[in-house]
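# Survey of secondary and tertiary structure
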Amino acid sequence: MLVVIDDPEAVERDLGAGRLACPGCGGPLVPWGFASERELRTLGGVRRLRPRRSACPACGATHVLEPASTVARHRDAAEVIGAAWSAKVAGAGHRRIAAELDRPVSTVRRWLRRLDARAESLRTAATWWIHALDASAGPIEPAGSPLADALEAVGLAAGGAARHLGPRPAWEAVVALTGGLLACPAPRRRGGVQGGRQAVP
Ligand SMILES: [Zn+2]
């Protein structure tokens, strides 16, 4: 799987021009059909999604090109999980967040637990990008909890990416920069920075 911009025409252009690199060997990817269609639940309703598949002639691997608005193995878009994260940091409990987002309490609780477990990795990956995108960026002020610190860092990183690469929805940038948001490795497995690097904003 390779995280790409959520813009099918741009992906098609990049794929056709050999500008997307195989995550395995770095070789240029070529078009290879489509993944099966599925539903993506956004803040604004349900969207049909049919991600592009690609193949790497150099190593023989195939990779689904997942739009950065999605989170691997989740039916809800990154913006929905991001909204839950922001609400939690703002002081809301998971029941209230679930009611506001019209999602099951158990689902929201699971997202928040995962985000909590990955807060340090997310902060590390985002901080790496903040400084990669702006060498003069200063230190980040502690925001009061690991989840709040990580949210502050991913917000700054998304802002830096927008200034550098052009405006994109903030949560798309966060997925790209953190190597998948919830897929960002748990701290004990290390590699949060690597996870951020391999993604293409
Ligand atoms: Zn390859």
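Residues numbered from 1 in each chain as written. Predicted model: local features only at pLDDT ≥ 70, side-chain atom pairs only at ≥ 80, totals over all residues.

### A few points about the overall build of the protein
Our working rule: By definition, any uninterrupted DSSP run of H or I lasting at least four residues is a helix, any uninterrupted run of E lasting at least two residues is a strand, and each is numbered from the N terminus. The globule rule used for comparison is 2.2 Å times the number of residues to the exponent 0.38, while the radius of gyration itself is calculated over C-alpha atoms. To sort residues by exposure, count the other C-beta atoms lying within 10 Å of each residue's C-beta; 20 or more gives buried, 12 or fewer gives exposed, and values between give partly exposed, all with C-beta atoms placed from the backbone.
If you tally the helices and strands in the protein, you get 7 helices and 6 strands. Since a compact globule built from 201 residues should have a radius of gyration of about 17 Å, the 17 Å found for the protein is in line with a globular shape. For the protein, the spread of C-alpha atoms along the principal axes amounts to about 50 × 40 × 30 Å. Burial status across the protein gives 38% buried among its 201 residues.

### Digging into the packing of helix α2 (residues 78–89) against helix α4 (residues 105–133)
Each pair of packed helices gets described by two things: the angle between the helix axes and the distance between those axes. The condition that has to hold: Each axis is a line fitted through C-alpha atoms, taken for helices only over the stretch in contact, and angles between the N-to-C directions span 0 to 180 degrees. These descriptions rest on fixed angle ranges, namely under 35 degrees for roughly parallel, over 145 for roughly antiparallel, 65 to 115 for roughly perpendicular, and the rest for oblique. Each residue gets a C-beta atom placed from its backbone, and two residues are in contact if those atoms lie within 7 Å. Residues are grouped as follows: nonpolar covers Ala, Val, Leu, Ile, Met, Phe, Trp, Tyr, Cys and Pro; charged covers Asp, Glu, Lys and Arg; every other residue, Gly included, is treated as polar.
In the contact formed by α2 and α4, the axes pass within 10 Å of each other and the chain directions differ by 75 degrees. As far as their axial angle goes, α4 and α2 are roughly perpendicular. On the side of α2, the interface is formed by Ile81, Ala84, Trp85 and Lys88, while α4 contributes Val108, Trp111, Leu112 and Leu115. Residues of the contact of α2 with α4, tallied by class, amount to 7 nonpolar, no polar and 1 charged.

### Some points on the pairing of strand β4 (residues 45–49)
Defined as follows: Pairing between strands is defined by DSSP: at least two bridges between them are needed.
Burial of β4 is sparse: only 0 of the 5 residues sit out of reach of the surface. Where strand β3 (residues 38–42) lies against β4, 5 bridges are found, and the strand directions are antiparallel. Bridging from a neighbouring strand, Leu40 pairs with Arg47 of β4. Remark: 2 residues form the turn of the hairpin made by β3 and β4, two consecutive strands paired antiparallel.

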